[in-house]
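The residues making up each chain are set out below.
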Amino acid sequence: MFAVTAAALLVAMCLAMCRALLGPTAYDRVLALNNIGTKTVVLIAVLGFLNGRPDFLDLALAYALINFIGTIAVLKYIEYGDLGTSGGSRRRKAMEMEP
């Protein structure tokens, strides 16, 4: 049963990879890559259960954190063009320019 789950996850990851390659916008591509990362976390957990290695869950959690932080960083770079600026400073500049 878990082997079928792993195979289904691999198929879903292939479909998400197609979306990442063919996505019309950058946000579609980032969402597909985040989806692939999430499915990878689940796949690591399933494979750890299949092999009787519960320490794979620690690896899956670490990968989930890296996936989350990476997604936020990429989306911030797409939105602002820089990782050092905050959203608040951009709004303040826009308010200063208004008469």
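Note that the coordinates shown come from a computational prediction; the quantities given were computed from them, not determined experimentally.

Parameters and conventions
- Here the residue numbers are simple positions, counted from 1 along each chain's written sequence.
- Local features in this predicted model are restricted to residues whose pLDDT is 70 or higher, and side-chain atom pairs enter the listing and the counts only when it is 80 or higher, whereas totals over whole chains, interfaces and linings include all residues.
- Think of the side-chain values as coming from all heavy atoms in the structure, minus any hydrogens and water.
- Secondary structure follows DSSP: runs of H or I at least 4 residues long count as helices, runs of E at least 2 residues long count as strands, and numbering of each begins at the N terminus.
- Residues are treated as being in contact if the distance between any of their heavy atoms lies within 4.5 Å.
- The span expected for a helix works out to 1.5 Å for each residue beyond the first.
- Using a 1.4 Å probe on the protein chains alone, a residue whose accessible area is under 20% of its type maximum counts as buried, one over 50% counts as exposed, and one in between counts as partly exposed.
- Basic side-chain nitrogens of Lys or Arg form a salt bridge, by our definition, when they fall within 4 Å of a carboxyl oxygen of Asp or Glu.

1. Considerations on the side chain of Thr40
And step 1. As for its placement among the helices and strands, Thr40 is situated in helix H2 (residues 26-51).
And step 2. With sequence-adjacent residues up to four places away left out, Thr40 is seen in contact with Met13 and Tyr63.

2. Looking at H2
And step 1. Given a rise of 1.5 Å per residue, 26 residues ought to cover 38 Å, and the 37 Å separating the end C-alpha atoms of H2 matches this to within 8%.
And step 2. Inspection of H2 places Val30, Ala32, Ile36, Gly37, Thr40, Val41, Leu43, Val46 and Gly48 among the buried residues, and these make up the whole buried set.
And step 3. The inward-facing, buried residues of H2 contact helix H1 (2-22) and helix H3 (56-80).
And step 4. Positive phi shows up at Gly52, right after H2, with a value of about 70°.

3. A look at the pattern of salt bridges
And step 1. Under the counting rule described, the total for this entry stands at one salt bridge.
And step 2. Between Asp55 and Arg53 there is a salt bridge, with its nearest N and O atoms 3.3 Å apart.
And step 3. Accessibility expressed as a relative area gives 36% for Asp55, which makes it partly exposed.

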